[in-house]
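# Reading the structure
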Amino acid sequence: DYIIRNNYEDFAQTAFIGKNGEYNCDYLVKKSERAKCVAELNAVVNKVKAEVEKQKLDSYQSELYIHDYICGVTTYSSESGDLQYTSYGALVLKKAVCEGYARAFALLLRSIEIPCVLVNGESQDQGHMWNMVCLDDNWYYVDVTWDDQSLVLHSYFNATYDMIKSDHALNKKLSDYDIAELDYSINFNYFTLNLL
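Note that the coordinates shown come from a computational prediction; the quantities given were computed from them, not determined experimentally. (Residues numbered from 1 in each chain as written. Predicted model: local features only at pLDDT ≥ 70, side-chain atom pairs only at ≥ 80, totals over all residues. Heavy atoms only, no water.)

### Here we look at the overall build of the protein chain
Of the regular secondary structure elements, the protein chain holds 7 helices and 9 strands. For the protein chain, the share of sequence-separated contacts (at least 6 apart) that also reach a separation of at least 24 residues comes to 48%. Surface accessibility of the protein chain: about 10,200 Å² in total, with carbon and sulfur atoms responsible for 47%. (Helix = DSSP H or I, 4+ residues; strand = E, 2+ residues; numbered from the N terminus. Contact = heavy atoms within 4.5 Å. Areas by Shrake-Rupley, 256 points an atom, 1.4 Å probe, with all protein chains shown as cover.)

Now the structure itself:
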């Protein structure tokens, strides 16, 4: 979730890169703050990873723990400037928009070797970002942002396309993966496992 590029006078091209619509955007922090930001983000990633390992969670349980962790610590907010679009905003500043939630979820899952990609599109007539996660060679949609309400919901936890399409429209050109070629299942859908 972070890169280092050329230096500008008092900024290092740091840390956070992502897409906003059709455009690639670098979110810059001051050069003097770069090492601190990276260390803070890595500390959260290592803490979550250590907790997953300590509890000896399987892939599904690890994914659920990370989903609920992000919902528990992050508040939907656009108050953190450009960093609201990053995993740093979601995990360190604890304020993010949908892109920050999705990037944080992907970063934490990838840190424990669970495949997770970003998905771009629209929801509620606005640009939106969420994730797809692979468990046992099947892909599921996860929208941590919409699950982060006054109570942690699981309405968008390991949903199929049929489950999510009523209020999520995919933009295949802006997503990380060729969605058409993926295998889907309901085996790890939250409600399949917990309510049936």
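Next comes the rest of the write-up.
### Remarks on the packing of aromatic side chains
Two aromatic rings are characterised by how far apart their centres lie and by the angle between their planes. All told, the structure shown has 8 aromatic pairs when counted by the stated rule. Here Y60 and F157 contribute two aromatic rings whose centre-to-centre distance is 5.8 Å and whose plane-to-plane angle is 75°, an arrangement assigned as edge-to-face. Linking Y60 in helix α2 (residues 59-73) with F157 in strand β8 (residues 157-159), this pair joins segments that are 97 residues apart in sequence. You'll find Y60 and F157 in the same group, each marked buried. (Phe/Tyr/Trp six-rings, centres within 6.5 Å; stacked < 30°, edge-to-face > 60°. Buried < 20%, exposed > 50% of the residue type's maximum accessible area, 1.4 Å probe, protein only.)

### Digging into the confidence of the model for the protein chain
Chain-level statistics for the protein chain give a pLDDT mean of 82 and a share of 77% at 70 or above. Here strand β1 (residues 11-20) stands out as the element of the protein chain with the lowest mean pLDDT, 40, in contrast to α2, whose mean of 98 is the highest. (pLDDT = per-residue confidence, 0-100.)

### What about the pattern of salt bridges?
Enumeration over the complete set of coordinates arrives at 3 salt bridges. Ionic pairing is found between E40 and K36, a salt bridge with its closest N-O pair at 3.4 Å. Of this pair, E40 and K36 both sit in helix α1 (residues 31-55), 4 residues apart, which is roughly one turn of that helix. Under the relative-accessibility criterion, K36 is labelled partly exposed at 46%. Notably, a salt bridge pairs E99 with R103, separated by 2.9 Å at the nearest N-O pair. With E99 and R103 both in helix α4 (residues 98-111), this residue pair falls 4 residues apart, about one helical turn. Here E99 falls in the buried class, since its relative accessible area comes to 5%. R103 gets classed as buried once you look at its relative accessible area, which sits at 11%. (Salt bridge = Lys/Arg side-chain N within 4 Å of Asp/Glu carboxyl O.)

### Brief notes about the side chain of H168
Mapped onto the secondary structure, H168 falls in the loop between α6 (161-164) and β9 (169-170). Looking at H168, its side chain comes within polar contact range of the side chain of D143, at 2.6 Å. With near-sequence residues (within four places) excluded, H168 lies in contact with E122, S123, H128, W130, D143, W146 and Y156. (Polar contact = N/O pair within 3.5 Å; in protein donor to acceptor, adjacent residues only side chain to side chain.)

### Side note on the sheet that holds strand β6 (residues 126-135)
Within the open sheet, the 5 strands sit side by side as β8-β7-β6-β5-β9. Their pairing is antiparallel. Edge positions in the sheet fall to β8 and β9, since each of these pairs with one other strand and no more. This element, α2, spans β6, β7 (138-142) and β8 of the sheet and lies at about 115° to β8. Most of the contacts of α4 go to β6, to which it runs at about 15°, and overall it touches β5 (116-123), β6 and β7. (Pairing = 2+ DSSP bridges. Axes fitted to C-alpha atoms, helices over the stretch in contact; angles between N-to-C directions.)

### Brief notes about the nonpolar core
Membership of the largest hydrophobic core comes to 38 residues, with the highest contact counts inside it found for I66, I70, L91, F105, L109 and V133. For this core, the secondary-structure elements that each account for two or more residues are α1, α2, α3 (87-93), α4, β5, β6 and β7. Looking at this core, the element that brings in the most residues is α4, giving 8 residues. Leaving out residues up to four positions away in the same chain, I66 has contacts with V48, F105, L108, L109 and I112. Membership of the second largest hydrophobic core comes to 10 residues, among which are M132, C134, W139 and Y141. (Core = buried A, V, L, I, M, F, W, Y, C linked by side-chain atoms within 4.5 Å.)

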